[in-house]
Amino acid sequence: MAPNADDLTLVRRTTSRRRFLAAGLTGGAVLGLGGLLTACGSSGGSGGPGTAGGSAKPSGGSSPDQKSVKQGGDDYATVIEKMKGFGTDAAPGAYPRTIRHAMGETVIPAKPVRVVVLDTGELDNVVSLGVQPVGVVHTDGSKTMPSYLKDKAGSPANVGTINGLNLEAIAALKPDLILGSQLRAQDQYVQLSKIAPTVFSLRPGYPWKQNFLLNASPFGLEAEATAQLDAYRAAATAIGAKLGDKRPTITPLRFMPGKTRLYAELSFIGTILTDVPLPQPAIEQVKELAVEISPEQIDKADADWVFYGVYGSPSSTNQDAVLGGALWKTLGAVKSGQARPVSDETWFLGLGVTAANTVLADLKGFVAPGS
């Protein structure tokens, strides 16, 4: 199975000056009827964390195998709490500035102009701040620039995939900043930090708002990021106000190679639904990334609205078989014409404020038209 931008799990590391613990979660919780609360994926390469481009504090220990991990447990739900010390105390425009992040502390000597991003969330974040990266990675599901960012992202070089970084290509770009996450590339942190100052969040996905603020800090653009988040929250609240007490249930359904997921509270799309707020069916009201169901359990996806996306090629998933099956046709949302396809690159892979605003626009058009 190809990992994607909403997957992977927390891994234990300890920073020397910002004491926090991000627990590696290698077990999955099992729901009734075979629903698994899981996340899986991989981060390519080998190695471990150490001294970042000039000043990052080392973190000891080795990482567990990331190719078959499943997520679950209390620490997954407390990532945001662990990120409260991240960022900088430097005044806007002041350099050098020290950034506290998942791997310790990194000094940024001057405002970055040549940035490499290692995930879809970091890509969305820098483009949302008006920064065109010089290098990007792609997902295994799509080797092209996300269409919703294409007009603003410039023409960055391809430096591999999320789980297969090309370190030589990154070095050749001579970046002055690398943005990624501990969950994706912790094993390559030492190599990356020798190329350029490197700042890592804990994980992509659920803490996307905190990641946006962290990614803004090397540029001194925290105020701009805060303003964009405030505008996003106002837009979400406006949709909720339009709906009043008539708030339909929403299922975010995703077809992936080898699995079918109902995204839950601790996912990117789950946070957006919470911000409106729009309720989800009880099966999805869990402090996890997603609930996995089999095609024979697709009736568990039923809600007032079902919005479904597909990761990669539909032919590599069971989407066609499910949508063409008799059980799918029994869903209330299907019968009422309220089961709709949505863009995977924004609803499930975007992981940033521009994607979130695009999702809000989609939701507004479907559930609160005319607002």
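What counts, and at which threshold
- Residues numbered from 1 in each chain as written.
- Predicted model: local features only at pLDDT ≥ 70, side-chain atom pairs only at ≥ 80, totals over all residues.
- Heavy atoms only, no water.
- Helix = DSSP H or I, 4+ residues; strand = E, 2+ residues; numbered from the N terminus.
- Areas by Shrake-Rupley, 256 points an atom, 1.4 Å probe, with all protein chains shown as cover.
- Axes fitted to C-alpha atoms, helices over the stretch in contact; angles between N-to-C directions.
- Parallel < 35°, antiparallel > 145°, perpendicular 65-115°, else oblique.
- Left-handed = near helix turned anticlockwise from the far one by under 90°.
- Contact = heavy atoms within 4.5 Å.
- Nonpolar A, V, L, I, M, F, W, Y, C, P; charged D, E, K, R; others polar.
- Pairing = 2+ DSSP bridges.
- Expected span 1.5 Å × (residues − 1).
- Buried < 20%, exposed > 50% of the residue type's maximum accessible area, 1.4 Å probe, protein only.
- Arc of directions from axis to C-beta.
- Salt bridge = Lys/Arg side-chain N within 4 Å of Asp/Glu carboxyl O.
- 1 Å grid on protein atoms, 1.4 Å probe; cavity = no way out; pocket = protein on both sides within 12 Å on 5 of 7 lines; lining within 4 Å.
- Points joined across faces, edges and corners; volume = space filled by probe spheres on them.
- Core = buried A, V, L, I, M, F, W, Y, C linked by side-chain atoms within 4.5 Å.
- Phe/Tyr/Trp six-rings, centres within 6.5 Å; stacked < 30°, edge-to-face > 60°.

Draft legend 1. Main features of the overall build of the protein. Within the protein, the secondary structure is distributed over 12 helices and 15 strands. About 13,700 Å² of surface is accessible on the protein, with carbon and sulfur atoms providing 53% of the total.

Draft legend 2. Up close: the packing of helix α6 (residues 208-216) against helix α7 (residues 222-243). Contact geometry for α6 and α7: axes closest at 8 Å, N-to-C directions at 155 degrees. With respect to their mutual orientation, α6 and α7 come out roughly antiparallel. Handedness of the crossing formed by α6 with α7: right-handed. Where α6 approaches α7, its residues Trp-208, Lys-209, Phe-212, Leu-213 and Ala-216 are matched on the opposing element by Glu-222, Ala-225, Thr-226, Gln-228, Leu-229, Tyr-232 and Arg-233. Here the contact of α6 with α7 is composed, by residue class, of 7 nonpolar, 2 polar and 3 charged.

Draft legend 3. View of the sheet that holds strand β9 (residues 177-181). Strand order in this open sheet of 6 strands is β8-β7-β6-β5-β9-β10, and the pairing throughout is mixed. Strands with a single pairing partner mark the edges of an open sheet, and in this sheet they are β8 (164-165) and β10 (198-201).

Draft legend 4. Summary view of helix α12 (residues 353-367). Between its first and last C-alpha atoms α12 spans 20 Å; for 15 residues at 1.5 Å apiece the expected length is 21 Å, and the two agree. Taken together, the buried positions of α12 are occupied by Val-353, Ala-355, Ala-356, Val-359, Leu-360, Leu-363 and Val-367. For α12, the buried positions fall inside an angular range of 150 degrees around the axis, keeping them on one side.

Draft legend 5. Looking closely at α6. Counting buried residues in α6 gives 7 out of 9 residues, a clear majority hidden from the surface. Residues Trp-208, Lys-209, Asn-211, Phe-212, Leu-214, Asn-215 and Ala-216 constitute the buried set of α6.

Draft legend 6. The arrangement of the environment of Phe-86 in detail. Checked against the element boundaries, Phe-86 lands in the loop between α1 (79-82) and β3 (97-101). In sequence terms Phe-86 and Phe-200 are 114 residues apart; their C-alpha atoms lie 10.0 Å from each other.

Draft legend 7. Looking closely at the pattern of salt bridges. Summed over all chains, the structure comprises 10 salt bridges. A salt bridge links Asp-344 to Arg-254, with the shortest nitrogen-to-oxygen separation between them at 2.8 Å. Remark: Arg-254 occurs in strand β11 (residues 250-256) and Asp-344 occurs in helix α11 (residues 344-347); sequence separation between them is 90 residues. The same class applies to Asp-344 as to Arg-254, namely buried. Each of Lys-259, Arg-261 and Glu-292 takes part in one network of salt bridges that share partners.

Draft legend 8. Spatial organisation of the environment of Ala-290. Within the secondary structure layout, Ala-290 lies in strand β13 (residues 290-293). Residue Ala-290 is classed as buried on the basis of its relative accessible area of 0%. Placed 36 residues apart in sequence, Ala-290 and Arg-254 show a C-alpha to C-alpha distance of 9.7 Å.

Draft legend 9. Spatial organisation of the pairing of strand β7 (residues 157-161). As judged from the 3 bridges shared by strand β6 (residues 135-138) and β7, these two strands associate in the parallel manner. Of the residues in β7, the one forming a bridge with His-138 is Thr-161. When β7 meets β8, the two strands line up antiparallel, connected through 2 bridges. In the sheet register, Gly-160 faces β8, and the bridge partner there is Leu-165.

Draft legend 10. Structural detail: the layout of surface pockets. When its volume is computed, the largest pocket comes out at roughly 270 Å³. Along the walls of the largest pocket sit 20 residues, with Thr-139, Gly-141, Ser-142, Glu-345 and Leu-349 positioned nearest its centre. Breaking the lining of the largest pocket down by element, the ones donating at least two residues are α2 (120-128), β6 and α11. With 3 residues, the single largest contributor to the lining of the largest pocket is β6. Considering only residue class, the lining of the largest pocket consists of 10 nonpolar, 8 polar and 2 charged.

Draft legend 11. Spatial organisation of the nonpolar core. Grouped together as the largest cluster of nonpolar side chains are 76 residues, with contacts concentrated most on Leu-118 and Ile-272. Per element, the largest residue contribution to this core is 7 residues, and it comes from α12. Look past the residues within four positions of Leu-118 in its chain and what remains in contact with it is Val-137, Ile-162, Leu-165, Ile-170, Ile-178, Leu-179, Gly-180, Ala-185, Leu-192 and Phe-200. By size, the runner-up hydrophobic cluster in this structure holds 17 residues, among which are Leu-253, Leu-262, Tyr-308 and Ala-333.

Draft legend 12. Representation of the packing of aromatic side chains in the model. What the rule picks out here adds up to 10 aromatic pairs. Geometrically, the ring pair formed by Tyr-189 and Phe-200 is edge-to-face, given 5.1 Å between the ring centres and 65 degrees between the ring planes. Remark: Phe-200 occurs in strand β10 and Tyr-189 occurs in helix α5 (residues 189-195); sequence separation between them is 11 residues. Accessibility assignment for this pair places Tyr-189 and Phe-200 in one class, buried.

Draft legend 13. Expanded view of the packing of α2 against α6. Interhelical geometry of α2 versus α6 gives an angle of 60 degrees and a closest axis separation of 10 Å. On the basis of their axis angle, the class for α2 and α6 is oblique. Remark: the crossing between α2 and α6 carries right-handed chirality. In this structure, α2 contributes Glu-122, Asn-125 and Ser-128 to the contact, and α6 contributes Asn-211, Phe-212 and Asn-215. Broken down by class, the residue content of the contact of α2 with α6 amounts to 1 nonpolar, 4 polar and 1 charged.

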